[in-house]
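Structural features, examined
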Amino acid sequence: MRDKKSLSFPMVGVSSLLTIFAVLCLTVFTLLTVATVQANGRMGESARQAVTDYYEADSAAHGILAEIRAGEIPDGVEEDNGVYRFSCPISQTQQLCVEVAVTGTEYTVLRWQAQSVDLWQNNDKMPVWDGEKEG
Amino acid sequence: MRSKAPLAVIEQVIMLLVFALAAAVCLRGFAWADSTSRHNQNRDLALVQAQNAAAILQNNGGDLTAAAEIMGGRVEGQCWGIYYNEQWEQTDGEGAFILFVRFRPTVSLMSTARITVAGNGELLAELTVSWQEVTADEG
């Protein structure tokens, strides 16, 4: 007589494992989605602030130019042979640099440029090949 | 031998409850992310339209009629309005979003306008744009 030894795969606990796996996946995907949306929101807010700041500086520069055309020289404006130079801050790291040649009420814009005022710090921690052959 | 069937059934029920709870929480997170993403998209598109209007106004020296010919919309006096639908396409009538340009009191040799984009009862974008006038405003 043979003893039939049946090997039965233990089904108790498999569903628990599957459920835990599914819940983990759901949770991870949800967290990733929320984090992505929040990051996009912050980026959009930064872009909105940058544009608003630029146009405020642009309006301030137009106001100074209007005063110059009217014959008044506001503080902070440098003049050199009919060319006026001034700058309006955009943010902590940028400013709007303006150079205009003004004759009476006529004017020619020589420069209307957003420029960085942040000090550039050289990072030489990583050796970068300068193009020279060694040896 | 005692049957293990009740134990398995209890386990299944508990797992089902756990999954349902987790799914409910995660679905709320997905729904919040979707609505926030749509709001951010509307805000970004509103800013783009405001920038376009600002650039066109500056290039045309504040001529609202010329600006409306380029960008569309309707001009009434010193105001310029453009309606957009939910997909940010221009519409002739009332829409979900409106871009509104209104002149501010003029300072001599310079004019200023305020550009606002609003929708769903919320101000989405706001810019102040200035340009030079050829002659001083005599008031």
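Just above, that's the structure.
Our subject in this report is the structure included herewith.

**Overview of unusual backbone geometry**
For N81(A), which is not glycine, the phi dihedral falls at a positive 55°. Assignment of secondary structure puts N81(A) in the loop between β1 (78-80) and β2 (83-89). When its relative accessible area of 74% is taken as the criterion, N81(A) is described as exposed. Not every positive phi belongs to a glycine, and W88(B) is a case in point at roughly 60°. Relative to the elements of secondary structure, W88(B) occurs in the loop between β2 (79-84) and β3 (90-91).

**Here's the deal with the state of the cysteines**
Think of a disulfide as a covalent bridge from one cysteine sulfur atom to another cysteine sulfur atom. Going through the model one piece at a time under the given rule, you end up with zero disulfides over all chains. Of all cysteine sulfurs in the structure, the one in C26(B) sits closest to C25(A), which takes part in no disulfide; the separation is 10 Å. Residue C25(A) is classed as partly exposed on the basis of its relative accessible area of 27%. In this structure C26(B) comes out as buried when scored by relative accessible area, which is 6%.

**Concerning the interface of chain A and chain B**
Listed per partner, the contact involves 34 residues of chain A and 35 residues of chain B. A combined buried area of about 2800 Å² lies between chain A and chain B, and 66% of that area is made up of carbon and sulfur atoms. Considering only the surface of chain A that becomes buried against chain B, V37(A), Y55(A) and R69(A) emerge as the three largest contributors, covering 20% of it. At the boundary of chain A with chain B, the tally comes to one salt bridge. The shortest N-O distance in the salt bridge between R43(B) and E45(A) comes to 3.3 Å. The tally of links from chain A across to chain B stands at 13 residue pairs in polar contact (both at pLDDT 80 or more). Sort the elements by how many residues they give to the side of chain A that touches chain B and helix α1 (residues 14-69) of chain A lands first, with 29 residues. Looking at the side of chain A that touches chain B residue by residue, the classes come out as 14 nonpolar, 16 polar and four charged.

**With respect to the environment of Q94(A)**
All names here are of chain A. Relative to the elements of secondary structure, Q94 occurs in strand β3 (residues 94-103). When the C-alpha atoms of Q94 and V117 are compared, they prove to be 5.3 Å apart, with 23 residues separating the residues in sequence. Residues within four places of Q94 in sequence aside, it is in contact with P89, Q115, S116 and V117.

**Here's the deal with the pattern of salt bridges**
Tallied over the entire structure, the rule returns seven salt bridges over all chains. As a salt-bridge pair, R48(A) and E45(A) come within 2.6 Å of each other at their nearest N and O atoms. Here the residue R48(A) and the residue E45(A) both occupy positions in helix α1, the gap between them amounting to three residues, near one helical turn. A salt bridge links R38(B) to D34(B); the nearest nitrogen and oxygen atoms lie 3.2 Å apart. One end of the pair, R38(B), and the other, D34(B), are both in helix α1 (residues 5-59), four residues apart, so they sit about a helical turn from each other. Each of E45(A), R48(A) and R43(B) takes part in one network of salt bridges that share partners.

**Things to note about α1(B)**
With 55 residues, α1(B) extends 80 Å from end C-alpha to end C-alpha; this agrees with the ideal 81 Å at 1.5 Å per step. In the stretch just after α1(B), G61(B) is the one whose phi turns positive, near 60°.

**Considerations on the environment of V48(B)**
Counting through the fold element by element, V48(B) comes out in helix α1. Taking C-alpha positions, V48(B) is 9.0 Å from A125(B), a pair spaced 77 residues apart along the chain.

**A few points about helix α2 (residues 64-71) of chain B**
Residue and element names in this part refer to chain B. L64, A66, A67, A68 and M71 are the residues of α2 that are buried. Contacts from the buried residues of α2 go to α1, β1 (74-76), β2, β3 and β4 (97-103). Structurally, the start of α2 carries an N-cap: the backbone nitrogen of T65 is 3.1 Å from a side-chain oxygen of D63. Once α2 ends, the next one or two residues include G72, with phi positive near 95°.

**A look at the sheet that holds β3(A)**
Residue and element names in this part refer to chain A. Pairing within the open sheet is antiparallel, and its four strands lie in the order β1-β2-β3-β4. In this open sheet, the two strands that pair with only one neighbour each are β1 and β4 (106-116). Strand-to-strand twist in this sheet, taken as the mean axis angle between neighbours without regard to direction, amounts to 20°. Relative to β2, β1 runs antiparallel, the two being bridged by three bridges. By the bridge assignment for β2, D80 is matched with V83.

Definitions and cut-offs
- Residues numbered from 1 in each chain as written.
- Chains lettered and ligands numbered in written order.
- Predicted model: local features only at pLDDT ≥ 70, side-chain atom pairs only at ≥ 80, totals over all residues.
- Heavy atoms only, no water.
- Helix = DSSP H or I, 4+ residues; strand = E, 2+ residues; numbered from the N terminus.
- Buried < 20%, exposed > 50% of the residue type's maximum accessible area, 1.4 Å probe, protein only.
- Disulfide = S-S within 2.5 Å.
- Contact = heavy atoms within 4.5 Å.
- Buried area = accessible area lost by both parts, 1.4 Å probe.
- Salt bridge = Lys/Arg side-chain N within 4 Å of Asp/Glu carboxyl O.
- Polar contact = N/O pair within 3.5 Å; in protein donor to acceptor, adjacent residues only side chain to side chain.
- Nonpolar A, V, L, I, M, F, W, Y, C, P; charged D, E, K, R; others polar.
- Expected span 1.5 Å × (residues − 1).
- Pairing = 2+ DSSP bridges.
- Axes fitted to C-alpha atoms, helices over the stretch in contact; angles between N-to-C directions.

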